[in-house]
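Examination of the molecular architecture
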Amino acid sequence: MHLEFTAEENAFRATAREWLVANVPRDKRPDDGPGTREFDLAWQRRQYEAGWAGINWPKAHGGVGLPSVHHMIWLEEAGRAGAPPMGTLSVALSHAGPTLMAFGTDAQKAFHLPRILQGASVWCQGFSEPGAGSDLAGLKTRGVVEDNCIVVTGQKVWTSHAHVADYQELLVRTDSSAGRHAGITWIICDMKAPGITVRPIRTIAGNHHYCEVFYDEVRIPIENVVGAINDGWRVAMSTLSIERAGGVAGHMALEKELNRLIRFADDNIDDATGEPLLRDSRIMSELAELKAKFAGLRALAYTVVSREESGVPGPESSLLALYYAELLQRTQRLSMQLLSSDCLGGGSAQDAIDRYLQSFSNTIMGGTSEIRRNIVAQRVLGLPR
Amino acid sequence: MHLEFTAEENAFRATAREWLVANVPRDKRPDDGPGTREFDLAWQRRQYEAGWAGINWPKAHGGVGLPSVHHMIWLEEAGRAGAPPMGTLSVALSHAGPTLMAFGTDAQKAFHLPRILQGASVWCQGFSEPGAGSDLAGLKTRGVVEDNCIVVTGQKVWTSHAHVADYQELLVRTDSSAGRHAGITWIICDMKAPGITVRPIRTIAGNHHYCEVFYDEVRIPIENVVGAINDGWRVAMSTLSIERAGGVAGHMALEKELNRLIRFADDNIDDATGEPLLRDSRIMSELAELKAKFAGLRALAYTVVSREESGVPGPESSLLALYYAELLQRTQRLSMQLLSSDCLGGGSAQDAIDRYLQSFSNTIMGGTSEIRRNIVAQRVLGLPR
Amino acid sequence: MNLLPTAEQLHIRDSISNFLSAELPATRLHKAAFAHGAAERRLWAQIAELGWLGLGIAEEVGGVGYGTAEDILLFRECGRQLVSPMVLAGRLGAEVAARSGNRDLADRILTGAQPVVLAHIARPGAGFPSGAASVQLIDAAPDDLALAWSPSGMALCNLADFATQAQAPGIDPTLGITTGRTERFRPVAWCPSVTAPLPALASILLSAMLVGIAEATRDMAVNYASFREQFGRKIGSFQAIAHYCANMAMSAEVAWAETAYAGLAWQGRAGDYASHVAASRLLASTAALENARLCIQVHGGMGYSSECDAHLFLKRGHALAVLFGPMREAWSALLSLNDNILNLAAE
Amino acid sequence: MNLLPTAEQLHIRDSISNFLSAELPATRLHKAAFAHGAAERRLWAQIAELGWLGLGIAEEVGGVGYGTAEDILLFRECGRQLVSPMVLAGRLGAEVAARSGNRDLADRILTGAQPVVLAHIARPGAGFPSGAASVQLIDAAPDDLALAWSPSGMALCNLADFATQAQAPGIDPTLGITTGRTERFRPVAWCPSVTAPLPALASILLSAMLVGIAEATRDMAVNYASFREQFGRKIGSFQAIAHYCANMAMSAEVAWAETAYAGLAWQGRAGDYASHVAASRLLASTAALENARLCIQVHGGMGYSSECDAHLFLKRGHALAVLFGPMREAWSALLSLNDNILNLAAE
């Protein structure tokens, strides 16, 4: 157990910080619509050109080939410098890339991995369906093998960024006579293929971050299958566990959020007492508790990274995403409370309102908190089903 | 909808208040051991002699024969006057009495009901078993019909006041070939019968309020069966619904507790600020929230009584006991927090510590909060099992 | 003492509920054309004719002559269907006019000829209603009167007294918010709280609306959990979901019971009514916001979609909760804190 | 950076854990004869010989020469088995003696010849350790030294300096509490916080003990839920119980991660260690108390029985949490509040 980074890691951090300060885009990232895609791709290209893309991707796949701890340092420094989030590239960089590295054919890897790193393609995730959300294995979208194609008919839903994506990680049922987990196939779907209709859904926060996707006899070449036909469940589960570990990236954004809130409470006077809100013991104690939980989150993220370095799996990564989602939601709720007297008409409270509304997705998307708790109970603690 | 009591009800309240002020025992009630029994019986005798016993019991059964609202007024006034709780007589007065009135034979009623009202007998409830707590229908204590007796062998547990009780409401399995809910019989068990062993269990609060009871071929006369043989589940369920409505009585005790806490917070200075604890916005807001919840509890209790008067069943009584248990526990937890710097060595904090520890039983005994929530979900809201 | 509605009260509630379900269902708010009180305004004459604005106002001043019980039954239904606070403003405005002796104005409000809207003052000055003030007008149109209050009393003003400007939508874009500023209030009618504690009544009726939100979101969640299936089971059979629903039921029932208690205590001017008004405020706003949050969570991905009704209730809940004013006033009322002296009710 | 124990550290932890499970299992506390530090006192020479009291103390002053990592691994195990805070007092007392140059006293403590007990000061005066003070001694015997601290530093005193009297048992009757009063502290050894911030170390080690409680109660609950059956199913398969256990796991893991972080930050005197000490305090005490509460609830009627271990952990959790001192200090440290100036870490 030690906290110190190596001299090499510290040097990496210094270089990263210097580059980020000079290169982080100054203009505001559009939060909705096609502008988001262009912004995110441009930022990815810039990182790629300077040699910062795929820090923890193996060199063989075009990455920098550094250990997890470097990746975490990079994410910390990016957060500190106010760099944009991965945004629309999150599926490509965190799910599709690693999945292709593990299960893709040489042709798939050769085509897609460079495009992902270079900021040339946006991916989305076609997993959930109207009848298969928490119960992913209940998916019904049909894939029929015909000639050299899989012909897909059905519907996906809650697909983030589908309306601006080039490719999709698509799960389809290719054998409905097999068990629920058997008979599922993982394919790369070109979002421009004929027969695909994308309908963006407006979220409660007013943006269009997710979509319904309809497939009407969409013909996908058989060489787009990742892993084997009917082996898609195993491939997808590996992708999901990558997603869960991705929570490490969240802690810097949350720290910024929390510090913003503390500064707000220090800058604003409580009408009832004439003192800064922060001096009110109720607000002070709540902010202090959130700060403590944030510190715990970061320590847990460090433990997850330590675990990844050691190669021995541990219980922490399942807990991390759950803890992060609920802490973020609670932070945004407190933010709304502090601003509540101003929330009727937008003005200065509008950003806080938007972030508050967005935080409702954290305990739902990518697995509800209830499902995450089931996973902790059953897989981490070994409780009976 | 109206809040006013009738002139007759107000007169009843005034008379009750006057009598209670003059007659409530001045000496402290022993909280443990046989002294508790004698104290409770003496107080019951005193109420009986003055005509206050069984206010809502029908006149035919020796009661005063007044409506539920009078009973509630009596409980409110008893609480206000600092009268002792029903204590060891709670099962007799709230469960056994009403059950015998509904299902007992004339002989059972003639023998037991006067003894209960006059303060001559203590009852306990032999329902839970080591393997049948939340799952009451899983009980295994065996009752074999032999000659004119039921011969009982087995074990009960968490039986409050069994060590000082004269009689027990006892559930035994008389037919193990029937379904889980069939084959159960409700009998009156004389606690002095040969073959009964009572072992008091020390609780986490240090008292001995509950016991294990062992039955070794205990012969109970068949005329002690209440309802019919193998019909005990129906009888017991009616008893339990009475217990749930009994929560109405709790609100006065809780108000006293809460006012004590508010006064403590007003009398004691916060070292950090030099102001009364109550001026600290964190403590102020928590106490205010508890006060609001208490007001809601009383309003809900009034609704339950209104519902009883109307004869139309409603959802409130299932909610009342659950809400009361959690509010009481939360109140005692806050009390511990306010006193926490003094809780290491007993002294002035000891009473609060004892009440805090006792409050852990509220979300367990008589049905855990989890089981109570199941009941609300399934029976009140009609959600699927 | 009986906290249950009488048969007549149940009949009134049902007729209100039927009218609202048919004419102003909450789902209308997915269409911008019906938001900002537009739908209510189109039906205003009918709403007035139904007597809603004078339901709890005495007959001798032109009201229908029922009491606070009927008022809270009405506003609970308004909460369930997310009716514009215009109805609340009309109800209170009519009473301010009547109590201040302006019988003619009261009649115009009660008959629907003169619409009234809420003018929320976040920080009323001590001299209210004679000093300067900034207000937020809700769903206002040019010829409306504006209803404003502080703990000292309730006032009706001309909209023309305010320099107004439209405001970016805040937490609830289905409400039309205009900010206004006046250097000097010139109320056309004024009812000080010593004459009639109408600000406390406003708080009770807001609580009733929030109870309506708590109940509507409970019902939505229970309904969804009763048919939505995952893992081959109705999701309502999973304890996590079932217990959320049980909690929602508990907080809604308790909030309603206490709001009824507060309403009746206010009407009878019981000595402790102020603490009950504060208690119902706390319970109703917590129940509304917490139930709306859980309703979204029970609906999963669907709940995060603006196409689901759940967020409409969440947002309206936040907006209504703002109108109560500073929370510290409620704490003080609950703890009977006056001039630094703890004043517990006699035991 | 690596927050996982090394193979050597795991070996140390296992040997501690094995010794405690065999010699000082938490269940011993059901018997009064083993309470009040009696069992620890009987094993004191052996505990000293195992090197526990000097585990994290430098070799040059007589310690074993490991670091804070090993210390927190030790005290987490002590928490799991509800070991008397005597061990904590011995560990800290030895360092106070060594740091104040009293090498001889340090040796006597480290070899077990001189037992040390905690003297908790609820409200230390500004002049500590020279003014008057009231203390609560934990598990004290006549010839012990007493270890006391305030934010300004840590002191060792003779028990004879205090006018003592036995105290009624408080929240945790398995601790022997004696109150003591002195008009003037005369420490036999004194280590000001500017020399070494030992009060912060005390807080970290208390957090480690509370993490032990959080883990032990989590394990008890998971174990019970895995075999106890109701309604024909293991109760751990019911979501209500399963999710309690998941929450217990989450709070225990987070509290441990942050306590490890705080210990390492303290050892390296990182600029922000004070806020991490405060964070670990908050997380560990909340985890211990909440997990103990849930452990009782999961055990149902059994959990309310004094024959179950659960309440021992609950009570000890409360007692240890008292020793941290005023909560407001932790809030200030977390929010970097100094002299009314907000001082956020540079971003």
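Look up: the structure comes first, before these words.
These lines cover the structure that appears in this document, whether it is placed above or below. (Residues numbered from 1 in each chain as written. Chains lettered and ligands numbered in written order. Predicted model: local features only at pLDDT ≥ 70, side-chain atom pairs only at ≥ 80, totals over all residues. Heavy atoms only, no water.)

1. Some details on the overall build of chain A
As a reminder of what qualifies: Helix numbers and strand numbers start at the N terminus; a helix is a DSSP run of H or I with at least 4 residues, a strand a run of E with at least 2. Here the globule rule reads 2.2 Å times residues to the power 0.38, and the radius of gyration is calculated from C-alpha atoms. Relative accessibility thresholds used throughout: buried, under 20% of the residue-type maximum; exposed, over 50%; partly exposed, between the two (1.4 Å probe, protein chains only). By the convention used here, residues are in contact when the closest approach between their heavy atoms is within 4.5 Å. Each accessible area is a Shrake-Rupley estimate made with a 1.4 Å probe; only the visible protein chains count as cover when residues are assessed. Charge assignment: positive for Lys and Arg, negative for Asp and Glu; neither His nor the chain ends contribute. Every charge is mapped to an atom, namely NZ of Lys, CZ of Arg, CG of Asp or CD of Glu.
Per the secondary structure count, chain A includes 11 helices and eight strands. In terms of overall dimensions, chain A is globule-like: its C-alpha atoms have a radius of gyration of 22 Å, near the 21 Å expected for 385 residues. Counting only C-alpha atoms and orienting by the principal axes, one finds that chain A spans roughly 75 × 50 × 50 Å. Sorting the 385 residues of chain A into buried and exposed places 56% on the buried side. Counting only contacts in chain A whose residues sit at least 6 apart along the sequence, the fraction spanning at least 24 positions is 69%. As displayed, chain A has an accessible area near 14800 Å², and 51% of this comes from carbon and sulfur atoms. Here chain A holds 39 positive side-chain charges and 45 negative ones, and the gap between their average locations is 2 Å.

2. Let's talk about the overall build of chain C
The number of helices and strands found in chain C is 11 helices and 11 strands. Here the C-alpha atoms of chain C give a radius of gyration of 20 Å, agreeing with the 20 Å that 2.2 N^0.38 yields for 347 residues. Overall size of chain C, expressed as C-alpha extent along the three principal axes, is 65 × 55 × 40 Å. Taken across its 347 residues, chain C has 64% of its residues classed as buried. Total accessible area on chain C is roughly 11700 Å²; 52% of this is exposed by carbon and sulfur atoms.

3. Comments concerning unusual backbone geometry
Cis geometry is adopted by the peptide bond preceding Pro129(C), which originates at Phe128(C) and carries an omega value of 5 degrees. With respect to the element layout, Pro129(C) can be found in the loop between β1 (116-120) and β2 (133-138). Phi is positive for His36(D), which is not a glycine, with a value near 55 degrees. Judged by relative accessible area, which is 41%, His36(D) ranks as partly exposed.

4. Description of the interface of chain D and chain C
Let me state the cut-off plainly: Buried area is calculated as the accessible area (1.4 Å probe) missing from two parts once they are joined, with the contributions of both summed. When a carboxyl oxygen of Asp or Glu lies within 4 Å of a side-chain nitrogen of Lys or Arg, that pair is called a salt bridge. N or O atoms closer than or at 3.5 Å make up a polar contact, with two conditions inside protein: a donor-capable atom paired with an acceptor-capable one, and, for residues adjacent in sequence, both atoms drawn from side chains. Throughout this entry, Asp, Glu, Lys and Arg are counted as charged residues, while Ala, Val, Leu, Ile, Met, Phe, Trp, Tyr, Cys and Pro are counted as nonpolar. The remaining residues, Gly among them, count as polar.
Listed by partner, the interface residues are five residues for chain D and five residues for chain C. Between chain D and chain C, a total of about 310 Å² is buried, with carbon and sulfur atoms accounting for 53% of that surface. The largest share of the area that chain D buries against chain C comes from Phe238(D), Gln239(D) and Ala240(D), three residues that together contribute 88% of it. The interface formed by chain D and chain C holds zero salt bridges in total. Across the contact surface, chain D and chain C share three residue pairs in polar contact (both at pLDDT 80 or more). Of the residues assigned to the side of chain D that touches chain C, the class counts are three nonpolar, two polar and no charged.

5. So, helix α5 (residues 86-99) of chain D
Residue and element names in this part refer to chain D. Cut-off, in case you're wondering: The span one expects for a helix is its residue count, reduced by one, times 1.5 Å.
With 14 residues, α5 extends 20 Å between its outermost C-alpha atoms, agreeing within 8% with the 20 Å of an ideal straight helix rising 1.5 Å per residue. Taken across its 14 residues, α5 has 13 buried, putting it largely inside the fold. One or two residues past the end of α5 sits Gly-101, with phi positive at roughly 85 degrees.

6. So, the interface of chain A and chain D
Each partner contributes residues to the interface: chain A has 52 residues there, and chain D has 50 residues. With both sides pooled, the region where chain A packs onto chain D buries about 4500 Å², and carbon together with sulfur makes up 71% of that total. If you sort the residues of chain A by the area they bury against chain D, Met1(A), Leu3(A) and Leu383(A) come out on top, with a joint share of 18%. There are zero salt bridges connecting chain A and chain D. Here chain A is connected to chain D by 10 residue pairs in polar contact (both at pLDDT 80 or more). Within the residue set of the side of chain A that touches chain D, elements represented by two or more residues are α3 (68-80), α7 (250-267), α8 (281-310), α9 (316-338) and α11 (369-380) of chain A. The element best represented in the side of chain A that touches chain D is α8(A), accounting for 21 residues.

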